Each structure stands twice: as structure tokens, then as C-alpha cells.
Amino acid sequence: MTIVETATELSAREAELLSRIPDGLFIGGRWEAGTRDQIEVQDPATGRVIKRIANATPEDGMRALDAAVAAADAWAATAPRVRAEILRRAFDLLQERRADFALLMTLEMGKPLAEANGEVTYGGEFLRWFSEEAVRISGRYGQNPEGTGTMVVSQRPVGPCFLITPWNFPLAMATRKIAPALAAGCTVVVKPAELTPLTTLFFAQLLADAGVPDGVVNVIPTSTARTVSEPIIADPRLRKLSFTGSTPVGRSLLAQAGQNVLRTSMELGGNAPFVVFEDADLDKAVEGAMLAKFRNIGQACTAANRFIVHESVAGEFARRVTEKVDALRLGRGSDDGVTIGPLIDDRAVASMSALVTDAVERGARVLTGGNAPDGDGFFFEPTVIVDVQPGSEILREEIFGPILAVTTFSTEDEAVAAANSTEYGLVGYVFTQDLARGQRMIDRVDTGMMGLNTGLVSNAAAPFGGVKQSGLGREGGLEGIHEYLSTKYTLIPG
């Protein structure tokens, strides 16, 4: 692979953009400076602070909830068409500002600019999709079986929602939660990740420009997530909690949410299997592997984690993948030609090093990469490892980085057992040209989503979510808006 030399200073374009990003808390339609030490946002490609922003306290969090509660009745009563048109205006504004949003995500998260542009497209689709779904919220009306009355079944907004988003897709994870909530008639308090809050703040300004009323969307970045979140979740006025992040944190939030029997959506960890059968089209499998593993620098819950390849094609698959990986260009995401950027912080780099060391000590071989290059920033070389042995940490843990680890199998039953040998069940990938086998794998692999002969499954029109320890509920698709609606049944006698 090629390591591109990283620029040491912000460009004039980058500095100008950062000067326009709000640096306060967004509560009740107003920007507030905050009352304690600010959050320092770093560029992971250099490790340098690029902006300082307000840092919410527990009191700020409660004021944000107050604002969401105060706006709830009026927003719920707003005509669906009006809500739809506001979301559509937000979509249009996002297209106008796509260059700014893409560059901002590259600056605060590190992903290459081409991928950041892809996230603008993907994130925008949630605004467009749910603008269309806002006017399609439906119910039922009909006589009961006994003939003694009429049943009316309607859908109503659940009420104020608390949305906790992760750092790896700072725009798409915000739009995937905020858009269905607003479409359903709910108000929200959003807590973005401390590592990448700038995109959410910029998006909050866009929503205000699109006509979202004061108090409907509130944004509270904080460096003390637990102390700010706990009183919000404990407040009986809150009716919905949506979280994307790690399974351990999700379990803790579920326990807290249980006290008030909150509606919850949990999109948690993954350990995605990528199964390649002996009859697979290897060109398509390699292309899918590069998408499923190295998109977003491997920092995605949908990233392929365990490459389970039939023993008869494992060597050729690894050879072809290694050629592709060696052609990647590692560097700062905004630099020309860069195809893979930095990890989010130094802890992520240390985790990658530990996983490689453990695998090699157990008998694995590194075909390419495997090291953290010298210099500034949080970089780790894209890596291919083969002969990974059972019991290796790299097979048990969610890697969340640019390491492609290959194991082998000989029979379909072995492949299924290996794919399902995890507490997680978010997504799986299967490559085979046998249609019957593909259908069997859809039925047998225990995941909420599957890519059959593709390495990319996410789509705003599809239900995103997992089973087992990978979470509860679905985001996107027809199912996504129902996470923010409650069903009400009325009987009219006669």
C-alpha cells in the first residue's frame, strides 16, 4: 500500500468551513454557549484540535428535554403534509450543502472524501424516504367479529424521544433516527458522540433553516454521557430511547429504560460473517470483501468481521484480496487519491495492534499490513491475515478496523456453524452461485440482514437491525417509522 504524506495545517477551505460550524448547545431553537470546559474535537489524521464546542451538563440535558416536551403537542398536531414538506426541504438543503457536510465528516471522523460524499447521499435518503412516509401513516376501520361495534385502529406519535448517535457515521446515524421521529410527529433530544459532534450541530442548523419549529430538535454534545443521559432517561415525560453503539452500553441503557418501560430501539454490535463457497464468483467475492471490510476504514457495525472461505478457494481469494489491499492509499481523507483514512483515536490503533499480535502468536500469517505507521494521526495499515486459528480474539471481538482475517471450512454445515458461532447477529454476507444454497443460507444464518453476492446492504428503504445481542427494533424502511408510533384501538358500540 502507499502512505500519502499528510498535510500539517488546515487548508483555507477547511478553516473557513470550521468557522461556520455552530459551537453551542441547540436547545429550544437557540444556540447556547454552555457553562463548563469545552469539548475539543480532533482531526484523527493529525491528532490536532480543530474546534472547541459547548459541553452539556445534566442541567442542560434536562432543559433540552423540557424544550422537547413543550413542543411535543404542537408538533404532533402538525399536519403530516407539513411535516413531510419540512423533511423534504431538509433533503434539498442537504444536497445544496453536500460539499460542506462531506468535508466536515472527513475532518472530524477521518473517512476519505469520496466515502463522505457517499454518506451524504445515504444520509439524505432517510430525509427523503421519511418525508414520503409521513403522509402514509395509516390505521384500520371495520366492524368487530361479533357485529356489536366498530373497531378503529390508529397510530399516534410515541412522544418525546432521546436519540444517542455514534461517531462512525455522524450524518447518516442522525438522519436515520431524526427523520422517522419527525415524520411520526415526535420531538427529540439528540446526544451526538463526543468524538464527532460537529456534523450533528451543522445538521441541526440545517433543520432550523428547513423550518423545523423551535424545540422539536435539540442537540446536546457532552463529554459526560452517562451523567447527562441518566436523568433524561429517568424522566417519566420521555417516551422513547434510540441508541446506536456497543452492546455493553446498550445493555446498560436497556436496564435504565426498563424503569419507565420506555419504547427502545437498539442497534448494537456486530461480528459479521463473510462466507465464500467453492462455487462463488471470486471476482465478485473480492469486490464484495473490499466493500464489506474497508468501507469507512472498517469502522462500521456492518463491516465483515470473519471471512469464512472454502478451503479449495481460500488461497486464491486471499491472494486477490491482498493485491487489492496493497493498491490502497493510506492518508488524510481530504488529500487527493486517498482511499483509506485514519482510525478514530489512539485506542483504536492499540486495539488493532493487539488483535494482530494475538492472532500471529496463535499461528496466523500476515500477508500485508499489520502495523501502525510512524508519524502523526491515528493510522493503521490495511491488513490481510490468513490461517487464523480458533480461539483468536480477532474471531470473537468486533474488529472495527481495517483487518481482514481469513479462516477456512469444508462443508456447508461447517460454514453455517462458524457463521452462527457468535452472540451477535446483525448482518451476514454469502457468496455462492447456487441459488438453492443461497436460499438455505438466508434461512440458516442467524442475522437480521444478509447480503447475497454483495458486500453492501444498507438502504434507507430497507429495515436495518439485528437479532441476538445485536439489538432490538429496525431503522429505515416501512418498519422505521413504526418505531416512533404507538397503536391505539377504539371501540364504537352499535
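Cut-off values and rules
- Residues numbered from 1 in each chain as written.
- Predicted model: local features only at pLDDT ≥ 70, side-chain atom pairs only at ≥ 80, totals over all residues.
- Heavy atoms only, no water.
- Helix = DSSP H or I, 4+ residues; strand = E, 2+ residues; numbered from the N terminus.
- Rg over C-alpha atoms; globule rule 2.2 N^0.38 Å.
- Buried < 20%, exposed > 50% of the residue type's maximum accessible area, 1.4 Å probe, protein only.
- Contact = heavy atoms within 4.5 Å.
- Areas by Shrake-Rupley, 256 points an atom, 1.4 Å probe, with all protein chains shown as cover.
- Lys, Arg positive; Asp, Glu negative; His and termini not counted.
- Charge placed at Lys NZ, Arg CZ, Asp CG, Glu CD.
- Axes fitted to C-alpha atoms, helices over the stretch in contact; angles between N-to-C directions.
- Parallel < 35°, antiparallel > 145°, perpendicular 65-115°, else oblique.
- Left-handed = near helix turned anticlockwise from the far one by under 90°.
- Nonpolar A, V, L, I, M, F, W, Y, C, P; charged D, E, K, R; others polar.
- Salt bridge = Lys/Arg side-chain N within 4 Å of Asp/Glu carboxyl O.
- Phe/Tyr/Trp six-rings, centres within 6.5 Å; stacked < 30°, edge-to-face > 60°.
- Lys NZ or Arg CZ within 6 Å of the ring centre and 35° of its normal.
- Polar contact = N/O pair within 3.5 Å; in protein donor to acceptor, adjacent residues only side chain to side chain.
- Core = buried A, V, L, I, M, F, W, Y, C linked by side-chain atoms within 4.5 Å.

### As for the overall build of the protein chain
Stage number 1. Tallying secondary structure elements over the protein chain gives 16 helices and 24 strands in all.
Stage number 2. For a compact globule of 494 residues, the expected C-alpha radius of gyration is about 23 Å, and the protein chain comes in at 23 Å, within 12% of that figure.
Stage number 3. Expressed as lengths along the three principal axes of its C-alpha atoms, the size of the protein chain is roughly 70 × 65 × 40 Å.
Stage number 4. Put simply, the protein chain has 494 residues, and 56% of those count as buried.
Stage number 5. In the protein chain, the proportion of contacts linking residues at least 24 apart, taken out of those at least 6 apart, comes to 74%.
Stage number 6. Working note: accessible area of the protein chain is about 19,100 Å², and carbon and sulfur atoms make up 51% of it.
Stage number 7. Charged side chains of the protein chain number 47 positive and 62 negative; the gap between the two group centres comes to 6 Å.

### Side note on the packing of helix H3 (residues 80–96) against helix H7 (residues 198–210)
Stage number 1. Their axes nearest at 8 Å, the elements H3 and H7 cross at an angle of 125°. With respect to H7, the element H3 is oriented oblique. You can see that H3 and H7 cross each other, and the crossing is right-handed. Residue-level contacts link Ile 86, Arg 89, Ala 90, Leu 93 and Leu 94 of H3 to Leu 206, Leu 207, Asp 209 and Ala 210 of H7.
Stage number 2. Taken together, the residues of the contact of H3 with H7 break down into seven nonpolar, no polar and two charged.

### Re the pattern of salt bridges
It is possible for side chains bearing opposite charge to pair when their charged atoms get close.
Stage number 1. Across all of its chains, the model carries 36 salt bridges by this definition.
Stage number 2. Here Arg 136 ties to Glu 133 by a salt bridge, and the two come within 3.5 Å at their closest N and O atoms.
Stage number 3. What makes Glu 133 buried here is its relative accessible area of 8%.
Stage number 4. Salt-bridge contacts for Arg 226 lead to Glu 230; the nearest nitrogen and oxygen are separated by 2.9 Å. On the criterion of helical spacing, the pair formed by Arg 226 and Glu 230 is a turn pair, its members being four residues apart in helix H8 (residues 225–234).
Stage number 5. Overall, the relative accessible area of 52% leaves Arg 226 in the exposed class.

### Some details on the packing of aromatic side chains
Stage number 1. Tallied over the entire structure, the rule returns nine aromatic pairs.
Stage number 2. Each ring, one from Tyr 122 and one from Phe 126, has its centre 5.1 Å from the other, and the planes form 70°; the classification is edge-to-face. One end of the pair, Tyr 122, and the other, Phe 126, are both in helix H5 (residues 113–133), four residues apart, so they sit about a helical turn from each other. When sorted by exposure, Tyr 122 lands in the same class as Phe 126, which is buried.
Stage number 3. On the basis of an interplanar angle of 35° and a centroid distance of 5.8 Å, the ring pair of Phe 274 and Tyr 429 is categorised as tilted. Separated by 155 residues along the polypeptide, Phe 274 in strand S13 (residues 272–276) and Tyr 429 in strand S20 (residues 427–431) bring together distant segments of the chain. Each of the two residues, Phe 274 as well as Tyr 429, counts as buried.
Stage number 4. Cluster of aromatic residues (ring-pair linked, three or more members): Phe 274, Phe 307, Phe 317, Tyr 429 and Phe 431.
Stage number 5. For the cation-ring pair, Arg 176 lies above Phe 464, with the distance from its terminal atom to the ring centre recorded as 3.9 Å.
Stage number 6. Just above the ring of Tyr 484 sits the side chain of Lys 240; from NZ or CZ to the centre is 4.8 Å.

### Describing the side chain of Lys 293
Stage number 1. Here Lys 293 lies in helix H10 (residues 282–294).
Stage number 2. The buried charged residue Lys 293 lacks any salt bridge partner; its closest oppositely charged side chain belongs to Glu 398, at an N-O distance of 8.8 Å.
Stage number 3. Of the polar contacts made by the side chain of Lys 293, one reaches the backbone oxygen of Ile 403; its length is 3.1 Å.
Stage number 4. Not counting chain neighbours up to four residues away, the residues in contact with Lys 293 comprise Gly 298, Ala 303, Ala 304, Asn 305, Phe 307, Ile 399, Gly 401, Ile 403 and Leu 404.

### Notes on unusual backbone geometry
If a residue is not glycine, its phi is most likely negative; likewise, a peptide bond is most likely trans.
Stage number 1. Positive phi, normally seen in glycine, also occurs at Asp 387, with a value near 60°.
Stage number 2. In this fold, Asp 387 is placed in the loop between strand S17 (383–386) and helix H13 (393–396).
Stage number 3. Here Asp 387 falls in the partly exposed class, since its relative accessible area comes to 38%.
Stage number 4. Positive phi, normally seen in glycine, also occurs at Lys 468, with a value near 55°.
Stage number 5. One can find Lys 468 in strand S22 (residues 467–468).

### Quick word on the nonpolar core
Stage number 1. With 124 residues, the main nonpolar core has Phe 274, Phe 317 and Ile 394 as its most contacted residues.
Stage number 2. Of the residues forming this core, the biggest block, nine residues, is contributed by helix H6 (residues 172–184).
Stage number 3. Contacts of Phe 274, omitting those with residues within four sequence positions, involve Ala 285, Gly 288, Ala 289, Ala 292, Ala 304, Arg 306, Phe 307, Ile 308, Phe 317, Tyr 429 and Phe 431.
Stage number 4. The next biggest cluster of nonpolar side chains, apart from the first, holds 23 residues, and it includes Ala 56, Val 228, Leu 241 and Ala 257.

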